[in-house]
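Descriptive structure summary
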Amino acid sequence: MKAAVKNDYETRNVNFSVMIGETNEQYMALLNNLNIEPGLKMLDLGGGYGFVLEKIIELKGAVPFHYDLVDGAQHQLNKGKTSHLAILNNNRPGPEIRYLHQNALELDLPQNYYDVVLCKMFIHEIPEAKKQALFNSIYSVIKPGGSFVIWAPDLSVADKDFYSKVIFEKDKLAGYTSFLINRHFSLNEELFGYLKQAGFTQPEKKHSFFYDLHTINRLQEEFGGDENKLSQWNDCILKLTASLNEDIRKKILVAIDKTNIHLRFNRAIFKAIK
Ligand SMILES: C[S@@+](CC[C@H](N)C(=O)[O-])C[C@H]1O[C@@H](n2cnc3c(N)ncnc32)[C@H](O)[C@@H]1O
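Let me begin by describing the structure that accompanies this report. (Residues numbered from 1 in each chain as written. Predicted model: local features only at pLDDT ≥ 70, side-chain atom pairs only at ≥ 80, totals over all residues. Heavy atoms only, no water.)

1. Re the overall build of the chain
Rule in force here: Secondary structure follows DSSP: runs of H or I at least 4 residues long count as helices, runs of E at least 2 residues long count as strands, and numbering of each begins at the N terminus. Here the radius of gyration uses the C-alpha set of atoms, whereas the globule reference equals 2.2 Å times the residue count to the power 0.38. Any pair of residues with heavy atoms lying within 4.5 Å of one another is described as a contacting pair. Each accessible area is a Shrake-Rupley estimate made with a 1.4 Å probe; only the visible protein chains count as cover when residues are assessed. Neither His nor the chain ends contribute to the count of charged residues, in which Lys and Arg are positive and Asp and Glu negative. By convention, the charge on Lys lies at NZ, on Arg at CZ, on Asp at CG and on Glu at CD.
In terms of helices and strands, the chain carries eleven helices and eight strands. For the chain, whose C-alpha radius of gyration is 19 Å, the value lies close to the compact-globule estimate of 19 Å for 274 residues. Counting only contacts in the chain whose residues sit at least 6 apart along the sequence, the fraction spanning at least 24 positions is 79%. Total accessible area on the chain is roughly 12300 Å²; 51% of this is exposed by carbon and sulfur atoms. The chain carries 33 positive and 33 negative side-chain charges, and their two centres are separated by 2 Å.

See the structure below:
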């Protein structure tokens, strides 16, 4: 097997869904695009600890489909195995799961195999220079007629740089190293460009929703309770808002209080067909 990726996710232990404030409505929109049915072959690429599977079981029941969870961090896969085991015990028969420790940039998977590939909050983990290769390789493992579903920040020219800097500063303060090198957020038109170049057709934004970032939610999860780091991040964000034009600033900067800054961005579910 090819070498798996080594990164900060080997130690990062956060509950993304709670920290981010994801809702069942967002997951229902995702499920509407995944079209889970018995026998379906799904790949959750960069799927972390497979929280998506937990939501599928919660919202759709124990559908007997094939779920391959691929992640570059063994730590995330182990976390997934433990929580899936607990859930599946009460939901038999259910999905058939494989936990695959692989680098998404060196996938060791069959060609033309999956009905659907999902990348949820994963595309930004791949450096810009390697993004097209990732999309090409995803294209190769999807069956003709199958789909590629992406859940990602829904960024425009007006907010991309600001959003990227806010996250970069948080990652720096939290002491991550690989994130600082690898992470790259794309504009929607860049995502659509990668899709088209890889050979996908009908790329579409299917569902858009707010992502409310509350800096206080990162205090325990990312800064280990260090209030000084949170306060440095808050100061830095306020400085960065100076670069925004007035209308965008009003839209993004929802509220500021002593310990928390509430910023509002967009996220979206995109879909394309092979
Ligand atoms: C932000 S998390 C998202 C996890 C999950 N999709 C979710 O939304 O809950 C990004 C995931 O991508 C994985 N990852 C980062 N780089 C990777 C790579 N080159 N190959 C495979 N997985 C990678 C990380 O280990 C992490 O689990």
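2. A word on the site of the ligand
Definition in use: Whether a residue is near a molecule or strand depends on its heavy atoms: it is near if one of them lies within 4 Å of it. Between N or O atoms, a polar contact is any pair within 3.5 Å; within protein, one atom must be a potential hydrogen donor and the other a potential acceptor, and residues adjacent in sequence are included only when both atoms are from side chains.
The environment of the ligand is formed by 19 residues, the closest being Gly46, Asp71, Gly72, Ala104 and Lys120. For the ligand, a nitrogen atom lies 3.0 Å from a polar atom in the backbone of glycine 72. At 2.7 Å from a nitrogen atom of the ligand is found a main-chain nitrogen or oxygen belonging to lysine 120. Burial of the ligand by the protein chains amounts to 96% of its free accessible area of 600 Å².

3. Examining empty space enclosed by the protein
For clarity, the threshold we go by: Cavities and pockets were defined on a 1 Å grid built from protein atoms only: a cavity is a group of points that admits a 1.4 Å probe but offers it no way out, a pocket is an open group of points flanked by protein on both sides within 12 Å along at least five of seven lines, and a lining residue is one with an atom within 4 Å of any such point. Grid points are joined across faces, edges and corners, and a volume is the space filled by probe spheres set on the points. In the scheme used here, Gly and all other residues not listed as nonpolar or charged are polar, with Ala, Val, Leu, Ile, Met, Phe, Trp, Tyr, Cys and Pro taken as nonpolar and Asp, Glu, Lys and Arg as charged.
Tallying each qualifying case throughout the model produces one cavity of 30 Å³ or more. Reported here for the largest cavity is a volume of approximately 70 Å³. Looking at the largest cavity, the residues that line it are Ile123, His124, Ala152, Pro153, Leu155, Phe185, Ser186 and Leu191. Taken together, the residues that form the lining of the largest cavity break down as six nonpolar, two polar and no charged.

4. Some points on the pairing of strand β4 (residues 114-120)
How we decide: The buried label applies to any residue whose accessible area, calculated with a 1.4 Å probe on protein chains only, is under 20% of its type's maximum; exposed applies above 50%, and partly exposed to all values in between. Two strands qualify as a pair provided DSSP detects at least 2 bridges between them.
Burial analysis of β4 places six of its seven residues in the buried class, which makes it a mostly covered element. Strand direction decides the pairing type here: strand β1 (residues 41-45) and β4, joined by three bridges, are parallel. Within β4, the residue paired with leucine 43 across the bridge is valine 117.

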